[in-house]
Amino acid sequence: MNARLSIVLMQKDEGELLRAWIDHHLEITTPGLIYIYDNGSTCHETKKILQDSRKKGVNISTKYSSPSDFERKGDIICETIQSIQLNNKSDFIIPLDCDEFLGIHSDRDGEPIFDQSSIVNHLNQLTEQEGYFKIKRHYFNHPNKPETYHVNNTPRKYFFGRSTLKSLDVGFHSPKLVDLNNQRLCRDSDLIAFHYHN
């Protein structure tokens with residue numbers, strides 16, 4: 001069976017960026033494996049996008065709508081990841097921000113690619129590994145130069161597989177696993193993220 005990838009997001013009033021984020025990740029995984037927490041959006045456009053996404057099968061929650069909930073984002077996302085792991089709903093889970101768009105870039109490929117089959121084939125190779133996994137690199141756009149990106153090869157961005165997550169900070173930069181032996185196993189991957197600033 002092919003590896004299943006869940007993606008978890010908390011956002012507020014992201015509008016067209018949210019639409020682009022959802023459309024992009026629906027090309028990578030199935031709607032039921034996308035989890036979006038809305039942190040109290042008031043923008044009509046954002047609310048409509050969330051309604052449309054719910055109809056497509058994306059998991060939309062509005063129960064964490066206050067500024068204090070945003071401060072607890074790490075705990076909330078961690079609890080979601082733990083639930084997914086406990087119920088075996090997915091093989092991998094990655095927390096993302098709304099300006100992060102997932103892709104893959106192996107040493108064999110000249111350019112980053114974004115198709116589901118390439119990502120799933122790569123994840124299939126990681127399913128039996130304990131520990132947690134590093135995003136390979138971040139590509140940061142230049143707001144005034146659409147074709148220009150700054151590359152960060154040490155982004156401190158992670159995703160999780162079969163080893164149970166214990167805690168997660170607000171920025172998702174310092175995850176802790178339940179098993180201390182697995183905590184030492186931070187593994188490389190070919191997954192990347194394009195990071196779009198306005």
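Throughout, residues of each chain are indexed from 1 in the direction in which the sequence is written. Totals for whole chains, interfaces and linings use every residue, but because this is a predicted model, local features are given only for residues with pLDDT of at least 70 and side-chain atom pairs only at 80 or more, for both listing and counting. Side-chain measures were taken over the full set of non-hydrogen atoms in the model, leaving aside hydrogen atoms and water.

**Quick look at the overall build of the protein**
- Helix and strand definitions follow DSSP, with helices as H or I runs of at least four residues and strands as E runs of at least two, each counted in order from the N terminus. When helices and strands are tallied, the protein shows 6 helices and 13 strands.
- In this setup the radius of gyration rests on C-alpha atoms only. A globule is expected at 2.2 Å times the number of residues raised to 0.38. Relative to the compact-globule value of 16 Å for 198 residues, the protein shows a C-alpha radius of gyration of 16 Å, a close match.
- Dimensions along the principal axes, computed over C-alpha positions, put the protein at roughly 45 × 40 × 30 Å.
- Buried residues are those whose accessible area, probed at 1.4 Å on protein chains only, stays under 20% of the maximum for their type, while exposed residues exceed 50% and partly exposed ones sit between those limits. Taken over 198 residues, the protein has a buried fraction of 48%.

**A closer look at helix α2 (residues 44–56)**
- Any helix carries an expected span of 1.5 Å times its number of residues minus one. With 13 residues, α2 should cover 18 Å at 1.5 Å per step; its first-to-last C-alpha distance of 19 Å lies within 8% of that length.
- Looking at α2, one finds that the buried residues are T46, I49, L50 and S53. Each buried residue of α2 sits inside an arc of 100° when the element is viewed along its axis, so together they form one side. Turned more than 90 degrees from where α2 packs its buried face, H44 and K55 sit exposed.
- Residues of α2 that are buried make contact with β1 (5–11), α1 (16–26), β2 (34–38) and β3 (59–61).
- Downstream of α2 by a residue or two, G57 has a phi angle that is positive, lying close to 105°. The directions considered for the arc are those from the helix axis to the C-beta atoms. When checking whether two residues touch, look at their non-hydrogen atoms; a contact exists if any pair is within 4.5 Å.

**Remarks on the side chain of S61**
- Among the secondary structure elements, S61 is positioned in strand β3.
- Since its relative accessible area comes to 16%, S61 is described here as buried.

**Side note on the environment of E71**
- Turning to its location among the elements, E71 is positioned in helix α3 (residues 67–71).
- Sequence-wise, E71 and I135 are 64 residues apart; in three dimensions their C-alpha atoms are separated by 24 Å.

**Some words on the nonpolar core**
- Joining through side-chain atoms within 4.5 Å is the link that ties buried Ala, Val, Leu, Ile, Met, Phe, Trp, Tyr and Cys residues into a set, and such a set is a nonpolar core. By size, the foremost hydrophobic cluster in this structure holds 32 residues, and its most contacted members are L5, W21, I36, L123 and F159.
- Of all the secondary structure elements, the ones that give two or more residues to this core are β1, α1, β2, α2, β4 (92–96), β5 (100–104), α5 (116–124) and β13 (191–195).
- Apart from residues no more than four positions distant in its own chain, I36 is found in contact with L9, Q11, L18, W21, I22, L50, V58, N59, I60 and S61.

**Regarding the pattern of salt bridges**
- When a carboxyl oxygen of Asp or Glu is within 4 Å of a side-chain nitrogen of Lys or Arg, the pair counts as a salt bridge. The final tally for this structure, using the stated rule, is 10 salt bridges.
- Among the ionic pairs, E16 bridges to R19, the shortest N-O distance being 3.2 Å. Taken together, the residues E16 and R19, both in helix α1 and 3 residues apart, mark about one turn of the helix.
- You can call E16 partly exposed: its relative accessible area is 42%.
- Salt-bridge contacts for R162 lead to E128; the nearest nitrogen and oxygen are separated by 2.9 Å. Residue R162 is found in the loop between β9 (158–160) and β10 (165–167), and its partner E128 is found in the loop between α5 and β6 (132–134); the two are separated by 34 residues along the sequence.
- Linked by salt bridges that have partners in common, E128, E130 and R162 make up one network.

**Quick look at the environment of T127**
- Topologically, T127 is positioned in the loop between α5 and β6.
- Contact partners of T127, with chain neighbours within four places excluded, come to A3, F92 and R162.
- A polar atom in the side chain of T127 sits 3.3 Å from the backbone oxygen of N124. In protein, a polar contact means a hydrogen-donor-capable atom and an acceptor-capable atom, both N or O and within 3.5 Å, with residues adjacent in sequence counting only if both atoms are side-chain atoms; elsewhere, any N or O pair within 3.5 Å suffices.

**Focus: unusual backbone geometry**
- In the Ramachandran plot, D13 falls in the positive-phi region, its phi being about 55° despite a non-glycine side chain.
- Following the sequence through the fold, D13 ends up in the loop between β1 and α1.
- For D13, a relative accessible area of 30% puts it in the partly exposed group.
- For N88, which is not glycine, the phi torsion reads 50° and is therefore positive.
- Checked against the element boundaries, N88 lands in the loop between α4 (73–86) and β4.

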